[in-house]
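What follows is each chain in one-letter form.
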Amino acid sequence: MIEYFSGVIACVTSFIGLFPQIYKSLKTKSASDISMTMLINYLVCSLAWIVYGSASESFFVLSSNIIGLLSATILIFQKRYYDRVA
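Predicted model, so just to flag it, every value in this text is computed and none were measured.

1. Observations regarding the side chain of K79
Among the structural elements, K79 can be located in helix α3 (residues 59-85). If near-sequence neighbours (up to four positions away) are discounted, K79 is found in contact with A31, S32, I34, S35, M36 and L39.

2. Considering the packing of aromatic side chains
Scanning the entire structure with this criterion turns up 5 aromatic pairs. Where Y4 meets F60, the ring centres are 5.6 Å apart and the plane angle is 75 degrees; that geometry is what we call edge-to-face. Taken together, the residues Y4 in helix α1 (residues 2-28) and F60 in helix α3 connect sequence positions 56 residues apart. According to the relative accessible area criterion, Y4 is exposed, its value standing at 53%. Each residue in the set Y4, F59 and F60 is aromatic and connected to the rest through ring pairs, giving one cluster.

3. Observations regarding the state of the cysteines
Within the structure shown, the criterion is met by 0 disulfides. With no disulfide of its own, C11 has C45 as its nearest cysteine by sulfur position, at a separation of 15 Å.

4. A word on the environment of K29
Here K29 lies in the loop between α1 and α2 (36-55). Owing to a relative accessible area of 53%, K29 belongs among the exposed residues under this scheme. K29 sits 50 residues away from K79 along the chain, and the two C-alpha atoms are 9.4 Å apart. Setting aside residues no more than four positions away along its own chain, K29 makes contact with K24 and Y82. In this structure the side chain of K29 is engaged in a polar contact, spanning 3.2 Å, whose partner is the backbone oxygen of L26.

5. Comments concerning unusual backbone geometry
One non-glycine residue with positive phi stands out, namely K29, at about 55 degrees. Positive phi values are uncommon outside glycine, yet E57 reaches one of about 55 degrees. Examined against the element boundaries, E57 turns out to sit in the loop between α2 and α3. Classification of E57 as exposed rests on a relative accessible area of 73%.

6. Considerations on the side chain of S46
If you trace the backbone, S46 turns up in helix α2. Excluding residues that lie within four positions of it along the chain, S46 makes contacts with N65, G68 and L69.

Conventions and cut-offs
Per chain, residue numbering runs from 1 following the sequence as it is written. Residue-level local features of this predicted model are given only where pLDDT is at least 70; pairs of side-chain atoms are given and counted only at 80 or more, and the full residue set underlies all totals for whole chains, interfaces and linings. Heavy atoms from the whole structure form the basis of all side-chain values; hydrogens and water molecules are not counted. By the criteria applied, helices consist of DSSP H or I runs no shorter than four residues and strands consist of E runs no shorter than two, each listed in order from the N terminus. Only heavy atoms enter the contact rule, under which two residues are in contact if any of them lie within 4.5 Å. Note on aromatic pairs: the rings of Phe, Tyr and Trp (six-membered ring only in Trp) are paired at centre separations within 6.5 Å, and the planes decide the class, stacked below 30 degrees, edge-to-face beyond 60, tilted for the rest. Throughout, exposure labels follow a simple rule: accessible area from a 1.4 Å probe, protein chains only, divided by the maximum for the residue type, with under 20% read as buried, over 50% as exposed, and the rest as partly exposed. By disulfide we mean two sulfur atoms from cysteines, separated by a distance within 2.5 Å. In the analysis that follows, any N or O atom pair within 3.5 Å is treated as a polar contact, provided that within protein one partner can donate a hydrogen and the other can accept it, and provided that, for residues neighboring in sequence, both atoms belong to side chains.

Below, the structure written as structure tokens:
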């Protein structure tokens, strides 16, 4: 039961973690205040956890980090696009 509950929290917080920044970047059409180094680090970390989650067959490790990976990827594309346009 504790494993399930903590897994659900991990999935939800993975989504909540970067979603406000994705929304703000879309709304303001700017990503200049986001660190590309932080986003690349987040991406690499998520990839490593996805590999680990796959190897250990942990649904929650895998799913929460897929969400994190997608969020980081969206922000990286936003940053590259908006930085280029500005």
